[in-house]
Structures are given as structure tokens and as C-alpha cells.
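Structural characterization, general
Now for the letters of each chain:
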Amino acid sequence: MKRRNLFITLIVTTIVLIAIIALINIIGTSNKSLKTELEQKGFDILGSEHCMSDHSLEGGGDAFTTWECKLCGKIAENPDTNVPTLCEKCARKTNRCSHCGKLQ
């Protein structure tokens, strides 16, 4: 009887571990595909050129300016008229310059 209970416990534990591993793989794959979709959108909208500029030297006018991220559509406000092209989150995920949108 004890052997049978031990065997059933072992089988249930194995099934649970396999389910957890499968779930982790599914979640990891879906995150990669989302990033890939965002990267593809970046290539479609912004192209494949690389950023070679130092945007910290560029100035803008003194006016709060509302702008929209070209990839996710997030609306943000900038303290001057020199607004970025991408929000920091999209720039980081797609490895692009947030100011001009070109690849880094």
C-alpha cells in the first residue's frame, strides 16, 4: 500500500513539474514574439539605419510639448520642443535611440 501511494505521488509530482516547465516555455516564447513584433514594427516604421548622433547637444524651444511614441502610441509630455521619437520602454526593447528612432 505504501509503495502504491509513493508511486502515485511520484507520478503526480512528475506531471506537475512537466506542466510548470511547459508553462515557463510558453511564457518565454510569447514574450520573445512580442518583442519580435515590436522590433518588426520598428523596422517597418523607422527603418534599419543606425544612430550616429549625439542628441544631447541638440536644443529645443522652451515650451511643454505633447508627443506620441511611434511604436506603442503612448502619449507623453516633454519640457521643450525637442521631443523624442520613441518612449524609453520601446527604445530599450527594440535597441533603438529614443530621440531619432534609429538602431543603436
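So, how was this worked out
- Residues numbered from 1 in each chain as written.
- Predicted model: local features only at pLDDT ≥ 70, side-chain atom pairs only at ≥ 80, totals over all residues.
- Heavy atoms only, no water.
- Patch = residues over 30% accessible without salt bridge, like charges linked within 9 Å, V, L, I, M, F, W, Y side chains within 5 Å.
- Areas by Shrake-Rupley, 256 points an atom, 1.4 Å probe, with all protein chains shown as cover.
- Salt bridge = Lys/Arg side-chain N within 4 Å of Asp/Glu carboxyl O.
- Helix = DSSP H or I, 4+ residues; strand = E, 2+ residues; numbered from the N terminus.
- Buried < 20%, exposed > 50% of the residue type's maximum accessible area, 1.4 Å probe, protein only.
- Core = buried A, V, L, I, M, F, W, Y, C linked by side-chain atoms within 4.5 Å.
- Contact = heavy atoms within 4.5 Å.
- Phe/Tyr/Trp six-rings, centres within 6.5 Å; stacked < 30°, edge-to-face > 60°.
- Lys NZ or Arg CZ within 6 Å of the ring centre and 35° of its normal.
- Pairing = 2+ DSSP bridges.
- Disulfide = S-S within 2.5 Å.

Turning our eyes to something else, we now look at a nonpolar patch on the surface. Together, Phe7, Ile8, Ile11, Val12, Ile15, Val16, Leu17, Ile20 and Ile24 give the surface a local cluster of nonpolar side chains, amounting to about 830 Å² of exposed area. In this fold, Leu17 is placed in helix α1 (residues 2–46). By relative accessible area, Leu17 is classed as partly exposed at 49%.

Before going further, it helps to examine the nonpolar core. Listed in full, the eight residues of the largest apolar core are Leu38, Trp67, Cys69, Leu71, Leu86, Cys87, Cys90 and Ala91. When sequence neighbours within four positions are dropped, the list of residues in contact with Leu38 reads Leu71, Cys90, Lys93 and Thr94.

With that settled, consider the environment of Val83. Tracing the backbone through its elements, the reader meets Val83 in the loop between β2 (75–78) and α2 (88–94). Put simply, Val83 and Cys69 are 14 residues apart on the chain and 9.9 Å apart in space, counted from C-alpha to C-alpha. Aside from chain neighbours lying at most four places away, what touches Val83 is Thr65, Trp67, Asn78 and His99.

A few words now on the packing of aromatic side chains. A complete count under the given rule lists zero aromatic pairs for this structure. Sitting above the plane of the Phe43 ring, Arg96 keeps its charged end 5.0 Å from the centroid.

The next subject is the pairing of strand β1 (residues 65–68). Residues Thr65 and Trp67 line the buried face of β1, whereas the alternating positions Thr66 and Glu68 sit on a face that is not buried. Summarising the sheet, β1 and β2 pair through four bridges and their orientation is antiparallel. Residue pairing for β2: Thr66 is matched across the bridge by Glu77. As consecutive antiparallel partners, β1 and β2 are separated by six residues, and within that stretch Gly73 has a phi angle of approximately 85°, a positive value.

To continue, consider the state of the cysteines. Under the definition given, this model contains zero disulfides. The thiol of Cys69 is unpaired, and the distance to the nearest cysteine sulfur, on Cys72, comes to 3.7 Å. Relative accessible area serves as the criterion here: at 2%, Cys69 is assigned to the buried category. Left without a disulfide partner, Cys97 is nearest to the cysteine sulfur of Cys100, which lies 3.7 Å away.

One pass over the structure, following the stated rule, counts one salt bridge. Residue Lys102 pairs with Glu49 through a salt bridge whose shortest N-O separation is 3.4 Å. Linking Lys102 in the segment after α2 with Glu49 in the loop between α1 and β1, this pair joins segments that are 53 residues apart in sequence. A relative accessible area of 51% places Glu49 in the exposed class.

Further remarks concern the environment of Cys90. Tracing the backbone through its elements, the reader meets Cys90 in helix α2. In this structure the C-alpha to C-alpha distance between Cys90 and Leu38, which are 52 residues apart in sequence, comes to 7.8 Å. Ignoring any residue separated from it by four or fewer positions in sequence, one finds Cys90 in contact with Leu38, Cys69, Leu71 and Cys72.

Purely geometric stuff here, so don't read any function into it on its own.
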